[in-house]
Amino acid sequence: MLERGKISARQLFFLALGFLHGNVAVFSRSTQTKEDIWAAALLAGVGGVLLVYLYTALAGYFPEETPSRYARRLLGRPLGTAVGLLYFWHALYVGALVLRSLGELMTINFYLQTPILVFALSTTLLTTFAVRPGIEVPARMAEIIVPFAPLLLLPLFVLLAVASRIVHLENLTPVLVGGLGPVLKGAWSFLAFPYGELVFFLFIFPALHVPAKARRAAVLAVILCSFYLILFQSLDVAVLGPEASGAEFFPSFIVATMIQIGEFLTRIEALVMVLWTAAIFVKLTVCQYVATLALAEALDLQDFHSLAAAVGALMIALSMLIFSDAPSLVAFFDRYFPFYSLPFYLLLPLLLWAVAKLRGRPGNPAPGQTEQTTHPGGEATRPAPPEQLQEGGVSRAL
Amino acid sequence: MLFRLLRRLAGGSRKRKGIPKGGQPPFHPGPVTEEELARLPLPASLEQSVSLIQGLLGHAADLIVREVLLPSTPPARAAILFIEHLVDKDDLQQHILKPLLLEVAATARVAALAGRNLLTRLVETALSDRKAIPAANALQATEGLLDGDTLLLLDGSPQGLILTSRGGEGRAVEEPDTESVVRGPREGFTERLHTNLSLLRRKIKSPNLRTESLRLGRVTRTQVVLAYIEGLANRRIVEEVRRRLQRIEIDGVLESAYVEEFIEDSPFSPFPQVAATERPDRVAAGLLEGRVAILVDGSPFALTVPAVASEFFLSSEDYYARVPIVILVRFVRFVSFFVALLAPAVYVALTTYHQEMLPTPLAMAIAAGREGVPFPAVVEALLMVFTFEVLREAGVRMPRPLGQAISIVGALVIGETAVQAGLATPLMLIVIAITAIASFAFPSPSMVMATRLLAFPMVLLAAMLGIFGIIWGLLAILIHLVQLRSFGIPYLWPYAPLSLPDLRDSLSRLHWWWMRERPSLMTPENAERVPPGQRPWPPRPHRGQKKRGEERP
């Protein structure tokens, strides 16, 4: 494990919540599901919780290692290194997608003449500074940003929308008129993005003080995120109607422009954009961090800090190259991304977990019996010091 | 150097045999270092040691040497040396010279003291009311003299005696100009270390208040005191402060800011990482929370470490005012921080990029105002922010009586006519005025300067990328802040890493009976500040009896 920093379970929760929020609330996701989007989001939330159980079960076998390392022990050196490199690629790719969507959000809605590269470059510059020192910096940033941005102000956004009398709940009816098919399709898409991306946290779980707390924090984040997802996607449909909501690139953004309370409180979309930018920033930071760490560990480097800038540069280049325009980006997310990311978020972790379960680990009780024993070695090899003091790092920083 | 000194000293004594007393040539050793002084013993002969001290001080005009004959049996020759305006003359006369000349004779007859060395006898009897430190080498002797103490030299004794007699002119304890309060103690630190220490001791009468003294500055030899409360302060932090202080090597320390620059964690950060205050109550409060205070002789500003960001948002009056008011006041300060940092940048962003966010009548008014202005909004904003900085700086540096002239020029000429001349819009002036006032709503001058400094890049970022630029800048500041530490304590603590119990005294403050624990990172060993169950209740005969004993969270 190259990462020396330690984060608390609460920081993991905020990190995961900010990460999941990333850009889910921005994109149009209702092209197929239309008015039943809430059901799709609900189903996907259940799937997300199951995914977290899978990831934490896998991480429980190796509380102090990242997948780049333990994949080697499970699958042998060449295959294991390949797994590490695959995750590097996946994190880089998702990071590039997020970066590109941030740029599209900006250039489509605000800065019509500005080249998209400006946003990619400036944002990556920032994330590189945040990633370089290690996980503690993104974790603390999430602790500051997330309570303000998604937790406090986004519900306010919903309230404002309701107060502006633009919400038409009848847009959400009829319920399940198209049968279960579209709902399942929508859930399938939501499962891959955002919940499937939680697979990156396999690289972050080992940095926890008490690895056993990972599951609770991540599950809470998933539940809260699905709540917001349901709220927002339904809000978009309720305000814009099922057809228009599916046709817009950034339906939530259009909703923000429609908010008007009296003559005074109008056009708050720039403020909403501020909140989204902050959440997207958390997501980008996690992607870049995981890409950096996965690469450094797969290649057996001595440290990962100096790689951050290089990974950032790759991410910029990739974000400029992958899509020609916003429609293809949205179409990709909707149609192909669930299939493309399936091996990364489901098949590989499932394979690793199965191999780990079959092999067991010498000297440890069989996993999966109680909550404690799913994390063998976690408490024993690392006596957990008073969490705060350690995170505060009086001991370490002096 | 040392050998030369000794040789010349020895040579001098050899020569003296031939030369009649009073005719000896003055002894000039030239500049000497501390190590040389420390290795230089005081000679036993009175003449030699007096001439050594005189020589070391360069035959200073204000060095007073009085040779006296002590009426002991047998009478002993002695010399009293002091620096004229550093000592308290009355004290010297009453409590050193008088006992020496009058009481020594009486004590000499006490049989029990007969066999003792004269120096010990003096310390135990005639001079028993004050601190007396034996000085064996030239360093101790000269250091004592320069601190304002009196040096007593006895003929035939290879030791001198440093008698404390510090006095001389100094500022009285006054109400400090900064950090003024409506309610609360009015005394402030002065330039004199011992006054400051006594102010602190009077607030904390605990035997556990530790003070450690050290001298910094090769030339100035400034006394620096490290104070903390044993059992409350984090031992690792105390150790670290001590280590950082001892590492300092500089020729002079004229203000506590010198020390601050040597011990802070990130020298290039715009944010202060050491809290400086003129108020003894604030230092005492810091000590009670487990902080370490550093007092520097010659500076009325005491330093407390570790410092976290939220500390710069509070005034000591917050703890003397009622809680509901404090909630409002701290919120106002917090908002004013962002106003001071962002107001000009937001103006630039709104007028340049996001006009649609403004209500239409306001947008029209701004457009009408901007019509005659030849610059883009960013130039206008930078110009006005800069003008304000100039005015403020001039206001601080100008002699007091001229201050009014500055305000007339600033307010009337620049404010009024700049708009008429079409250099700035009225709205811009309002924004600048709000920024200025918001920055004055801050209790900590060093944090104000940080926001002012950062306001410039924020304006530039807003001019380049609008709201996105502002967000970019805020995120950059945040990245910096979450990495910043002060003596190992994260700067944004208790927000990041979040510590819920410590939030009771952060953005707001709760009642004293509710803030039951001391800051958890500073005092890990001894957390409890207030025992539970102290919430006051009105006497209620029926229900109240039961509730009284209940513990509150």
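Analysis parameters
- Residues numbered from 1 in each chain as written.
- Chains lettered and ligands numbered in written order.
- Predicted model: local features only at pLDDT ≥ 70, side-chain atom pairs only at ≥ 80, totals over all residues.
- Heavy atoms only, no water.
- Contact = heavy atoms within 4.5 Å.
- Buried area = accessible area lost by both parts, 1.4 Å probe.
- Salt bridge = Lys/Arg side-chain N within 4 Å of Asp/Glu carboxyl O.
- Polar contact = N/O pair within 3.5 Å; in protein donor to acceptor, adjacent residues only side chain to side chain.
- Helix = DSSP H or I, 4+ residues; strand = E, 2+ residues; numbered from the N terminus.
- Nonpolar A, V, L, I, M, F, W, Y, C, P; charged D, E, K, R; others polar.
- Axes fitted to C-alpha atoms, helices over the stretch in contact; angles between N-to-C directions.
- Parallel < 35°, antiparallel > 145°, perpendicular 65-115°, else oblique.
- Left-handed = near helix turned anticlockwise from the far one by under 90°.
- Pairing = 2+ DSSP bridges.
- Core = buried A, V, L, I, M, F, W, Y, C linked by side-chain atoms within 4.5 Å.
- Buried < 20%, exposed > 50% of the residue type's maximum accessible area, 1.4 Å probe, protein only.

S.K.: Sorry, what's going on with the interface of chain A and chain B here?
M.R.: With 42 residues of chain A in contact, the opposing surface of chain B contributes 35 residues. Between chain A and chain B, roughly 3400 Å² of surface is buried when both sides are summed, and carbon and sulfur atoms account for 74% of that area. Scanning the region where chain A abuts chain B turns up one salt bridge. Put simply, A:Glu136 and B:Arg485 hold a salt bridge, and the shortest N to O gap is 3.7 Å. Connecting chain A to chain B are six residue pairs in polar contact (both at pLDDT 80 or more). Of all the secondary structure elements, the ones that give two or more residues to the side of chain A that touches chain B are helix 1 (9-21), helix 5 (116-131), helix 6 (136-163), helix 11 (269-298), helix 16 (387-392) and helix 17 (394-397) of chain A. Residue classes in the side of chain A that touches chain B are distributed as 25 nonpolar, nine polar and eight charged.

S.K.: So what exactly am I meant to see when it comes to the packing of helix 5 of chain A against helix 11 of chain A here?
M.R.: Packed helix pairs are specified by the crossing angle of their axes together with the interaxial distance, meaning the distance between the axes. Residues and elements named next belong to chain A. It is the contact of helix 5 with helix 11, at a shortest axis distance of 9 Å, that shows an interaxial angle of 60°. Relative to helix 11, the element helix 5 lies oblique. When you trace helix 5 past helix 11, the crossing you get is right-handed. Each of Thr123, Thr124, Leu126, Thr127, Thr128, Ala130 and Val131 in helix 5 lies in contact with helix 11, whose residues at this interface are Phe281, Leu284, Thr285, Gln288, Tyr289 and Thr292.

S.K.: What's the story with the sheet that holds strand 9 (residues 292-296) of chain B in this structure? I'm lost.
M.R.: Strand pairing within a sheet occurs via backbone hydrogen bonds; the two strands may be parallel or antiparallel. All names here are of chain B. The strand order across the open sheet formed by five strands is 6-7-9-10-8, and the pairing between neighbours is antiparallel. Single-partner strands in this sheet number two, and they are strand 6 (209-216) and strand 8 (275-277). Across the sheet, the mean angle separating the axes of adjacent strands is 25° when strand polarity is ignored. Of the pairings in the sheet, the one linking strand 9 to strand 10 (residues 302-305) comprises three bridges and is antiparallel in character. Within the sheet, the bridge partner assigned to valine 292 lies in strand 10 and is valine 305. Together, strand 6, strand 9 and strand 10 form the strand contacts of helix 9 (residues 256-263), whose direction differs from that of strand 9 by roughly 135°.

S.K.: Help me out: how do you make sense of the nonpolar core in this one?
M.R.: Nonpolar side chains tend to gather and get buried jointly when the protein is soluble and globular. Counting residues in hydrophobic clusters, the biggest one holds 197 residues, and the most contacted among them are A:Met141, A:Phe201 and A:Ile204. Once you skip the residues sitting within four places of it in the chain, A:Ile204 turns out to touch A:Ile7, A:Leu12, A:Leu15, A:Ile135, A:Val286, A:Tyr289 and A:Val290. B:Leu214, B:Val253, B:Val274 and B:Ile489 belong to the second-largest nonpolar core, a separate cluster that totals 27 residues.

S.K.: Could you clarify how one ought to interpret the side chain of B:Arg370 in this entry?
M.R.: Relative to the elements of secondary structure, B:Arg370 occurs in helix 12 (residues 360-370). Look at B:Arg370 and you get buried, because its relative accessible area is 17%.

S.K.: What exactly am I supposed to notice about unusual backbone geometry here?
M.R.: The phi angle of most residues is negative, glycine excepted, and most peptide bonds adopt the trans form. Cis rather than trans, the peptide bond between B:Val305 and B:Pro306 has omega equal to -10°. Within the element layout of this structure, B:Pro306 appears in the loop between strand 10 and helix 11 (323-352). A cis geometry characterises the amide bond from B:Ala496 onward to B:Pro497, with omega recorded as 0°. Unlike most non-glycine residues, A:Asp300 shows phi in positive territory, near 60°. By relative accessible area, which is 34% here, A:Asp300 ends up partly exposed. Notably, B:His59 is not glycine yet its phi reads approximately 50°, a positive angle. For B:His59, the position within the fold is in the loop between helix 3 (46-56) and strand 1 (63-70). On the accessibility criterion, B:His59 (33% relative accessible area) is partly exposed.

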